[in-house]
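# Reading the structure
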Amino acid sequence: MCHKNRENREVQQMLHRTGRKSFASIEHEETKKRGVRPSRIEMFKLGYVKKDGTYSNAFTQQKAEEMGNLINEREEGLNSLDDEHIFTQVLGPDRPGRVRCRGHGVVPSSEGFNSRSGSSQSIQEAKRAAEIAQREAEAARNELEDYKKISDERARKMEEDVARLTQALLRFTERGNGDNP
């Protein structure tokens, strides 16, 4: 048994720094302190950062930096991922029946994930994508209307120019016919 445990520890890539305190206890304390439940990204930082502010190992630091990069991209408008989706994208999907960084007893259905249709995140992402598509379509409609107005104005000016040129041509031809009897 001890050999199997040793093998399992060697494979483990991320080492949490909470000691005997569970993620559920940390989450409860942070919720009381802030008044808002921390996201899984915040729980990741609370669980895997040492007291001196460094991460427990290079792999954990790399994953935290990837999350930070995706959050920065979201703030710059380059993506529309929420915290939970960023967490899942960087660390991969949770094991079946588990929710990482939430503690014992938490199951996907209690977090708002539906095991049959994916997750509430995918539904929220689809809604966000639909909203973005709707805004883009509205912007395209407005742009098309602007181009139509410009085109109509140009066509009106061209008609005026043609009418002026026609009048000038008529005057010129009348003058030409009047000189030659």
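Since the structure is predicted, the reported quantities are computational estimates derived from the model, not experimental observations. (Residues numbered from 1 in each chain as written. Predicted model: local features only at pLDDT ≥ 70, side-chain atom pairs only at ≥ 80, totals over all residues. Heavy atoms only, no water.)

Moving on: the overall build of the protein chain. Counting secondary structure elements, the protein chain contains six helices and zero strands. For the protein chain, the sequential pattern of α-helices and β-strands runs α-α-α-α-α-α. The buried share of the protein chain, reckoned over its 181 residues, is 22%. Long-range contacts, defined as pairs at least 24 residues apart, comprise 51% of the intrachain contacts of the protein chain with a sequence gap of at least 6. For the protein chain, the exposed area adds up to about 13700 Å²; of that, 52% sits on carbon and sulfur atoms. (Helix = DSSP H or I, 4+ residues; strand = E, 2+ residues; numbered from the N terminus. Buried < 20%, exposed > 50% of the residue type's maximum accessible area, 1.4 Å probe, protein only. Contact = heavy atoms within 4.5 Å. Areas by Shrake-Rupley, 256 points an atom, 1.4 Å probe, with all protein chains shown as cover.)

Bringing the packing of helix H3 (residues 40-48) against helix H5 (residues 83-91) into the picture now. Two elements in contact, H3 and H5, have axes separated by 8 Å at closest approach and are oriented at 55 degrees. Put simply, H3 runs oblique to H5. Listed contacts from H5 to Arg40, Ile41 and Phe44 of H3 are Asp83, Glu84, Ile86, Phe87, Thr88 and Leu91. For the contact of H3 with H5, a count of residues per class yields five nonpolar, one polar and three charged. (Axes fitted to C-alpha atoms, helices over the stretch in contact; angles between N-to-C directions. Parallel < 35°, antiparallel > 145°, perpendicular 65-115°, else oblique. Nonpolar A, V, L, I, M, F, W, Y, C, P; charged D, E, K, R; others polar.)

Put simply, helix H2 (residues 23-34) and H3 touch, their axes get as near as 11 Å, and they point 115 degrees apart. Remark: the crossing between H2 and H3 carries right-handed chirality. Residue-level inspection shows Phe23, Ile26, Glu27, Glu30 and Arg34 of H2 in contact with H3, the latter providing Glu42, Met43, Leu46, Gly47 and Tyr48. Split into classes, the residues belonging to the contact of H2 with H3 amount to five nonpolar, one polar and four charged. (Left-handed = near helix turned anticlockwise from the far one by under 90°.)

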